[in-house]
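# Structure at a glance
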Amino acid sequence: MGKARPRAARRPAPRAPAGARGSAARANPNPFEVKVNRQKFQILGRKARHDVGLPGVARARAIRKRTQTLLKEYKDRDKSNVFTDKRFGEYNSNISPEEKMMKRFALEQQRHHEKKSIYNLNEDEELTHYGQSLADIEKHNDIVDSDSDAEEQGTLSAELTAAHFGGRGLLHKKTSQQEGEEGGKPKSRKELIEELIAKSKQEKRERQAQREDALELTEKLDQDWKEIQTLLSHKTPKSEKREKKENPKPDAYDKMVRELGFEMKARPSNRRKPEEELAKEEQGRLRKLEAERLQRMLGKEDESVKKPKHMSADDLNDGFVLDKDDRRLLSYKDGKMNVEEGVHKELSRETGSHGNNEEESEEESGHPDSHSDLGPSAESGEEDEQPQREQGQTPGKRLRSDQHTPEAARAELPYIFAAPESYEELRSVLSGRSMEEQLLVVERIQKCNHPSLAVGNKEKLEKLFGFLLEYVGDLATSDPPDLKVIDKLVVQLYNLCQMFPESASSSMQFVLRDAMHEMEEMIETKGRAAFPGLDVLIYLKIVGLLFPTSDFRHPVVTPALMCLSQLLTKCPVLSLQDVVKGLFVCCLFLECVALSHRFIPEVINFLLGILYIATPNKQSQGSTLVHPFRALGKNSELLLVSDAEDVATWQRGSLPLHWASGPRAPTAAEANHTRLSCLAVCLALLRHCTVIYGTLPSFHAVTRPLQALLTQHLTDRSHPHELQELFQSTLAEMENQKQLYRPLLCEKSKPVPLKLFTPRLVKVLEFGRKQGSSKEEQERKRLIHKHKREFKGAVREIRKDNQFLARMQLSEIMERDAERKRRVKQLFNSLATQEGEWKALKRKKFKK
Amino acid sequence: MEAEAGGTERGRARDPRRALGRLVQAVLCSRGEANAVFDVLAALQSEDQEEIQEAVRACSRLFGALLERGELFVGQLPSEDMVMAGSQGAMRKYKVWMRHRYCSCCNRLGELLVHPTFQVKELALGTLMKFVQLEGAHPLEQPKWEGHYLFPRTLFRVVVGGLLSPTDDQSLLLSQFREYLEFDDVRYHTMQAASDAVAQVTNQQPEVSGWPPLTFWNNAFTLLCAVSLPLQEQDLSTFYVKHVELLDKWKVTHLREHRKVFQTMWLSFLKHKLPLSLYKKVLLVMHDSILPHLAQPTLMIDFLTSACDVGGAISLLALNGLFILIHKHNLEHPDFYRKLYGLLDPSIFHVKYRARFFHLADLFLSSSHLPAYLVAAFAKRLSRLALTAPPEALLMVLPFICNLLRRHPACRVLVHRPQGPELDSDPYDPEEEDPAQSRALESCLWELQTLQRHYHPEVSKAASVINQALSVPEVSIAPLLELTAYEVFEQDLKKKGPEPVPLEFIPAQGLLGRRDDLCAQFFTLS
């Protein structure tokens, strides 16, 4: 009885998964089998995993498993052949027999189906008509005509089936009819069937012969036809058509059906949007980008991402920090977490105080609008402004504008260019070509190597950006600098940059680092640097075009600003060229802060210096001059124009940029005109500064030396009229900036919380977990522990396996011995009987 | 001489050595051959440097041996003719005569110290110093009393005089000489001889302007700098001239005496009108290698105050020395901070000694007992100047200003003035030279508020510190002092920005940008 129970309990075990096993066993526990590990003490938080167990069940399970695996292996140890049963689900106990049969049937069907349709390439599914394959019907179309015995065949087969599958009644009837007709002797069932078979075979043969005949005939006919065809072809196209129609041909419906099968399914497409909607979307996009830009300008982004750090209640809040980690107190404002927005707040408060808040924000938010406004005005201008307007609205359309290049150039150039692998390659491709051709080449290289076309194209185009930059540098340093080409190439650079921002920024950084490094070396050896060539200036300009200059911090723009600052502070102005370069750098600098209105001391210093070297009668006020300029020295009167005639003939114009690059010897008059132009540009820049820095709290402190110099200029009346006016207006504007000095205030800091001696709370760790070490150490310990346990388990298993095997071997031996004993006994028995019999016989004889 | 005359031109290089060697040998062996000394001395006058070197070596051997044997006359040297004519013993005559030869040899060696070839100079110096050592061990003077300290002062004066040549740059030789200065007695006598030599040279042609020349000053300065006294009172027992025992009553064994001589030396040097470059050099070493060793550091006040009035970098350096005097030696200098205040002008952010200046300024202003008006004036002035500074300087000066405010809570009104009235203009007067009159305390640091809108993000952040209440611990500016623009640039490059890199969304139209951009307004491509 004890044995019967466990077996019953065991049965569901193999089917249930491991987790359910215990519960299944527990559901029907045999109190004699349950072993309870008694706990001496109740310990809070300890998980007792082995408090209750069923050792008997577990042992039985283990033994069964061994018999199924180990024992089998042991028994098969000397066998080389293996019998594999490939029946579906034969050993899978999870499937019920019905399911198993279903699956097997399905598999069989599938196999059958596959074999049939192996040559059927067109369709995966067979179309059927009344259960018959349409393809079959078509195939037999012509045969059906020739085969008239289809029905007979059908009946025959019916007869056959009946004969085979016990359609007895029917068969009987027929046979009885036949009997009646023939009046012959009754045939046995076997004979009948044989007869049937013979008949059908004969029929089959006949049909085959007939078909072959027909085939032969048609072939013959075809051949004859071919012979005549040459004669007929020209004369009677109509008849030919008729002939063609006679050919077996799928009818229109079938054709249609097939065509529809191949046709792509139409999908609903996006609605084509009207112009206004497109414009609105574009505007929305720009507005979104602008908002992002503003956010970056205020430098809030990283702060908002930063996680607020927790501060303990014990923190003394005395500002003492261990490792320069400037954490802030967590504070709430309007229900929102208030995490460091110092800059922003300061800015908004300050601008608000001057009542310029709206103006500024309007100017900034209205920026995209101003660009769209740009359109009509440009349109009213020349014809070639047209493409520009398009770009103003959609950057994607930019490429198209270059397609206005002459068709002639287009025709000459090959259409496919490999992406250059080195700078020399690009140079050799581009050199010697006209501007349009160069542009076209670059454009085609881009198109041929679009990243969507092949895998490696992305890298190639990324490299192309670097090469183009280098090429631009080369163009800028050549004499005379090819600025027109650069002007156009900038667009290509922009496009490439949009495609690959990462690589573009890194190559731009590389170029900047190069320029800076050169300058640094010069400063180290000579103590000062000369203004770099035009290429560096152009690179700096390109930075401003490719990247947003208003960001609070930008990986490319911020270093570029440092570079500009170095140019203005470290390079002394030694010639008129330097003045032009310096003014260009000032322009770049001011453009960079055009949106953010950030303060640039270097520009003010430089412009002050320029004003100073243009001042005629210097009074002693050298202390305000800043580094690259000296109060006295040979360059302190560089921009002074003494020739009254030149002053009279001067006309205001913009400075040519290429003037900054190459050394050339202008005439004295030209030089004087350039001097005056420089002065004019300087004044215009000063006015610009006045406008954008007017709101700065210490504007007057900044401009005080400028004002002094300007008044000094004004008193001297040697300047041309136009310049005089400029002086006057600049000065007036500076003086008109009204300023209120309101005292500074620190933000109110949170009141310091009282010192609380709350107990130090240590995280309660789970019992049994190794504690007091780093995460990696813990993980390592855990793994070591696990390994140890597994190892022990494996050893135990192996030991048990050995025991099991030994037991099996022993039982085998015992069995064998028992068998032998039995045999011996049997032999003895038989011998004993023999002996007995023999003795009995002997006794009998003896008796006799 | 005869031997040389017989030699061929080719053999000359090798021959003199042998010939001189033979002569020296002859003189040393028998007194009868003493006249051969003239041949050796004649070789010293030669043009050929090889020959001179040989002759110097020969002299060194010869007189070295004679000194050791005591074959030179000891005592006050009578004139040669008198002795020769007199009727003293032949031995005495010989000794006097030989002593005269020795003297002429030493004089010649002294002249050789300014020889154009360095090898000759070096050899001459070595020989002279060897003579000094031997003469010290076997003095040529009669000791006046028992334990009288004797040192060949005359000979040593020749050496120092040669080193302080007004015509030749002796820096290399001086670096050779430096190793002798390790010895306490040599150092002591060098200091004495140097002050004499300086006085002598400057008195030579006082009427000529530009005398003494720059080389002399440089030589003198190099020598003076090379002298370094031990800081602690210890046994001065490393003597170049070997003595059997060192007596406590000798001046040379006391550091106090050394200091006195040191002080005399420097004062005699500094009382002259030095070239400007030398001023800087002196002031650079003033605080750590001169002032601590002087017996009475306050004697430097004249020099320092005069240097302070020169202006520029020199003033600053002088301030450093003055500060030490004020700080450690209780000197009263009422105008000190006023002078420092006067030094603050826009150029301090661009000059080479920026780091030093701010290091010193930090030191000077580190006292928390300074009056608030003074600190406020400094803070205000610095922030005014910051309006013209490049970013690398701003990154340093902004924490500097904040540190000032931290040290002096009374100055915090500069950034936090709760119930202050609104003003029409800044009460601070930038032209005022007296920090007390500048009204800085009534002002606020609006300049820092301006710099919060600086284009460089780090500067902007540094200036924004004043928005919050200042934290208590000061920010160390030491690592920021040497910050260069290139380093700032590199830091900017390394800083990881947001991914992906933000791009300009307004498409580029050309190099100069749109029509309303500044560049397009003022520049054309052709």
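What this report covers is the structure whose coordinates are included nearby. (Residues numbered from 1 in each chain as written. Chains lettered and ligands numbered in written order. Predicted model: local features only at pLDDT ≥ 70, side-chain atom pairs only at ≥ 80, totals over all residues. Heavy atoms only, no water.)

Turning our attention to the overall build of chain A. Counting secondary structure elements, chain A contains 34 helices and 7 strands. In chain A, buried positions account for 32% of the 848 residues. The long-range share in chain A, meaning contacts at least 24 apart out of those at least 6 apart in sequence, stands at 69%. Here chain A displays about 57500 Å² of accessible surface, and carbon together with sulfur accounts for 54% of that area. (Helix = DSSP H or I, 4+ residues; strand = E, 2+ residues; numbered from the N terminus. Buried < 20%, exposed > 50% of the residue type's maximum accessible area, 1.4 Å probe, protein only. Contact = heavy atoms within 4.5 Å. Areas by Shrake-Rupley, 256 points an atom, 1.4 Å probe, with all protein chains shown as cover.)

Moving on, we get to a positive patch on the surface. Residues and elements named next belong to chain A. On the surface, Arg59, Lys788, Lys792, Arg796, Arg799 and Lys800 cluster together into a positively charged patch. If one sorts the elements of the positive patch by residue count, helix α34 (residues 775-847) sits on top with 5 residues. Considering the arrangement of structural elements, one finds Lys788 in helix α34. (Patch = residues over 30% accessible without salt bridge, like charges linked within 9 Å, V, L, I, M, F, W, Y side chains within 5 Å. Salt bridge = Lys/Arg side-chain N within 4 Å of Asp/Glu carboxyl O. Lys, Arg positive; Asp, Glu negative; His and termini not counted. Charge placed at Lys NZ, Arg CZ, Asp CG, Glu CD.)

Turning to the interface of chain B and chain A, a few remarks are in order. Listed as interface residues are 82 residues of chain B and, on the opposing side, 112 residues of chain A. Approximately 8800 Å² of surface area, both sides summed, lies buried where chain B meets chain A, with 63% of it carried by carbon and sulfur atoms. The tally of links from chain B across to chain A stands at 3 salt bridges. Here Arg553 of chain A ties to Glu458 of chain B by a salt bridge, and the two come within 2.4 Å at their closest N and O atoms. Across the chain B-chain A interface, the total number found is 13 residue pairs in polar contact (both at pLDDT 80 or more). Among the elements of the structure, α19 (391-407), α20 (446-451), α21 (457-463), α23 (485-494), α24 (518-522) and β1 (523-524) of chain B are those that each provide at least two residues to the side of chain B that touches chain A. The greatest single-element share of the side of chain B that touches chain A, amounting to 7 residues, is contributed by α23 of chain B. Residue composition of the side of chain B that touches chain A, by class: 42 nonpolar, 22 polar and 18 charged. Pairing between strand β7 (residues 655-656) of chain A and β1 of chain B: 2 bridges, direction parallel. (Buried area = accessible area lost by both parts, 1.4 Å probe. Polar contact = N/O pair within 3.5 Å; in protein donor to acceptor, adjacent residues only side chain to side chain. Nonpolar A, V, L, I, M, F, W, Y, C, P; charged D, E, K, R; others polar. Pairing = 2+ DSSP bridges.)

We now examine the packing of aromatic side chains. Residue and element names in this part refer to chain B. With the rule as written, the count across this model stands at 23 aromatic pairs over all chains. Ring geometry for Trp217 versus Phe269: centroids 5.5 Å apart, planes at 65°, classification edge-to-face. Linking Trp217 in helix α11 (residues 214-226) with Phe269 in helix α12 (residues 255-270), this pair joins segments that are 52 residues apart in sequence. Given the relative accessible area of 0%, Phe269 is considered buried. Following the ring pairs from residue to residue traces out a cluster consisting of Phe323, Phe336, Tyr337, Tyr341, Phe364 and Phe378. Cation over ring: Arg381 sits above Tyr341, and NZ or CZ is 4.7 Å from the ring centre. (Phe/Tyr/Trp six-rings, centres within 6.5 Å; stacked < 30°, edge-to-face > 60°. Lys NZ or Arg CZ within 6 Å of the ring centre and 35° of its normal.)

Keep in mind these numbers describe shape, not what the thing actually does.
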